[in-house]
Amino acid sequence: MKVGLVAQKENARAARLAERLRGMLREQDATVVVDTATAAALDVPGVEPAAMDDADLAVSIGGDGTFLFTARGVGTVPIVGVNLGEVGFLNAVSPGDAVDVVREEVERFESTGRVRTREMSRLRARGDGWDLDPAVNEIVVQGAQRGHGNGGEFEVRVDGELYSGSAADGVLVATPAGSTAYNMSEGGPLVRPEVDAVVVTEMCADDPMPSLVSAADSTVTVRIDDAEMGYVISDGRAQQELEPPTTVTVERASEPVRLAGPPSEFFKALNKLD
């Protein structure tokens, strides 16, 4: 069995836990690879997460940002998320349980040839001649920057039907996992991870519609006009510059995120929010 370890950068606690997991996995005769930043802290060889895409399991140690970083690299490799952050919607495992949970998945793989997994949809944005890396949380289409006078005119269609049209800072399209992140800060609804859906939320619109929860296989198109420039941003990281007028299409990506280990406690995580 091959296992990849990705720990939060410059976090000594995360690096120590990665070292414990590495030791346990080697005792279990597993092949272990460690991300480059953590490897430097442990003085062992390391690889980028993208080189872990042939692993049987990946372990993300940190907050939701570390999980997103891991998911971008490993593709559909099942991920155990270990939560060192405050809330942990994407990370279901506590640091104290991490070694036992990962050992259990290794033993499961040895006896059955697979780990227990559940799938979570991602979103992909595309346009004329480009597409972005899939998003676990959200796709944002916006003007040059947030704030009055820096947005544009946005027309939103869902499966070809007009949903809204207004001046706004932008439009956010989120997965259920992303409903608790940027979407919530924009006044969008919370959606349980078990619900197969997509959420559309306008950002500071002049004439807003309520946020929309639609089927996960919906096609959302966002046209941006009356702006010098704009951006489409995937999970707050990957971005594409836009030259309005232009249209961005957001759809469910072909490859989901695969989560391993126990499910997260959604309502317990909600109670940690301020």
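Residues numbered from 1 in each chain as written. Predicted model: local features only at pLDDT ≥ 70, side-chain atom pairs only at ≥ 80, totals over all residues. Heavy atoms only, no water.

- The chain goes by NAD kinase in an unreviewed UniProt entry, where it is assigned to Haloarchaeobius litoreus.
- Quoted verbatim from the Function (unreviewed entry) heading of the UniProt record, the comment on the chain is "Involved in the regulation of the intracellular balance of NAD and NADP, and is a key enzyme in the biosynthesis of NADP. Catalyzes specifically the phosphorylation on 2'-hydroxyl of the adenosine moiety of NAD to yield NADP."
- What UniProt records for the chain under Catalytic activity (unreviewed entry) is the sentence "NAD(+) + ATP = ADP + NADP(+) + H(+)". (UniProt positions renumbered as here; feature names shortened; annotations may be inferred.)

**Focus: the overall build of the chain**
Logical step 1: When helices and strands are tallied, the chain shows six helices and 18 strands.
Logical step 2: A globule of 274 residues ought to have a C-alpha radius of gyration of about 19 Å, and the chain, at 20 Å, matches this closely.
Logical step 3: Overall, the C-alpha framework of the chain stretches about 60 × 35 × 35 Å when taken along its three principal axes.
Logical step 4: Partitioning the intrachain contacts of the chain with sequence separation of at least 6 by distance along the chain shows that 62% fall at a separation of at least 24.
Logical step 5: Within the structure as shown, the chain displays about 12800 Å² of accessible surface, and the carbon and sulfur contribution to it stands at 42%.
Logical step 6: On the chain, the mean spot of the 25 positive side-chain charges and the mean spot of the 45 negative ones are 8 Å from each other. (Helix = DSSP H or I, 4+ residues; strand = E, 2+ residues; numbered from the N terminus. Rg over C-alpha atoms; globule rule 2.2 N^0.38 Å. Contact = heavy atoms within 4.5 Å. Areas by Shrake-Rupley, 256 points an atom, 1.4 Å probe, with all protein chains shown as cover. Lys, Arg positive; Asp, Glu negative; His and termini not counted. Charge placed at Lys NZ, Arg CZ, Asp CG, Glu CD.)

**A short note on the UniProt feature "binding site: NAD(+)" (unreviewed entry) in the chain**
Logical step 1: On the UniProt side, "binding site: NAD(+)" (unreviewed entry) is annotated at positions that read Asp64, Gly65, Asn137, Glu138, Asp169, Ala177, Thr180, Ala181, Tyr182, Asn183, Met184 and Ser185 here. Look at the named residues: they lie 122 residues apart in sequence, and the longest C-alpha span between them is 25.2 Å, so in the fold they stay spread out.
Logical step 2: Here Asn137 lies in the loop between strand 7 (130-131) and strand 8 (138-143).
Logical step 3: Asn137 gets classed as buried once you look at its relative accessible area, which sits at 8%.
Logical step 4: For Asn137, the residues in contact, after removing those within four places along its chain, are Leu68, Leu90, Val173, Ala174, Thr175, Ala177, Gly178, Ala181 and Asp235.
Logical step 5: Following the sequence through the fold, Thr180 ends up in the loop between strand 11 (170-174) and helix 5 (182-185).
Logical step 6: Take Thr180: its relative accessible area is 11%, and that puts it in the buried class.
Logical step 7: Excluding residues within four positions of it along the chain, Thr180 makes contact with Phe89, Leu190 and Phe266.
Logical step 8: Within polar-contact distance, the side chain of Thr180 engages the backbone oxygen of Ala177 at 3.1 Å. (Buried < 20%, exposed > 50% of the residue type's maximum accessible area, 1.4 Å probe, protein only. Polar contact = N/O pair within 3.5 Å; in protein donor to acceptor, adjacent residues only side chain to side chain.)

**Brief notes about the UniProt feature "active site" (unreviewed entry) in the chain**
Logical step 1: As annotated in UniProt, the feature "active site" (unreviewed entry) corresponds to Asp64 in the numbering used here.
Logical step 2: On the basis of relative accessibility, which here comes to 26%, the residue Asp64 falls in the partly exposed class.

**Description of the sheet that holds strand 12 (residues 197-203)**
Logical step 1: Read across the open sheet, the six strands follow the order 13-12-11-8-15-16; overall the sheet is antiparallel. The two strands at the open ends of the sheet, each matched to only one other strand, are strand 13 (212-215) and strand 16 (238-242). Taking the axes of each pair of neighbouring strands and ignoring which way they run, one obtains an average angle of 15° across the sheet.
Logical step 2: Two strands pair when backbone bridges link them, and strand 8 and strand 15 (residues 230-234) are joined in this way by five bridges, in the antiparallel orientation. (Pairing = 2+ DSSP bridges. Axes fitted to C-alpha atoms, helices over the stretch in contact; angles between N-to-C directions.)

**Comments concerning the nonpolar core**
Logical step 1: Counting residues in each nonpolar core, the largest one holds 31 residues, and the members touching the most others are Leu21, Leu25, Val59, Ile61, Val80 and Val102.
Logical step 2: Counting residues per element, the ones that place at least two in this core are strand 1 (2-7), helix 1 (12-27), strand 2 (31-34), helix 2 (36-42), strand 3 (57-62), strand 4 (79-83) and helix 4 (95-112).
Logical step 3: If one sorts the elements of this core by residue count, helix 1 sits on top with seven residues. (Core = buried A, V, L, I, M, F, W, Y, C linked by side-chain atoms within 4.5 Å.)

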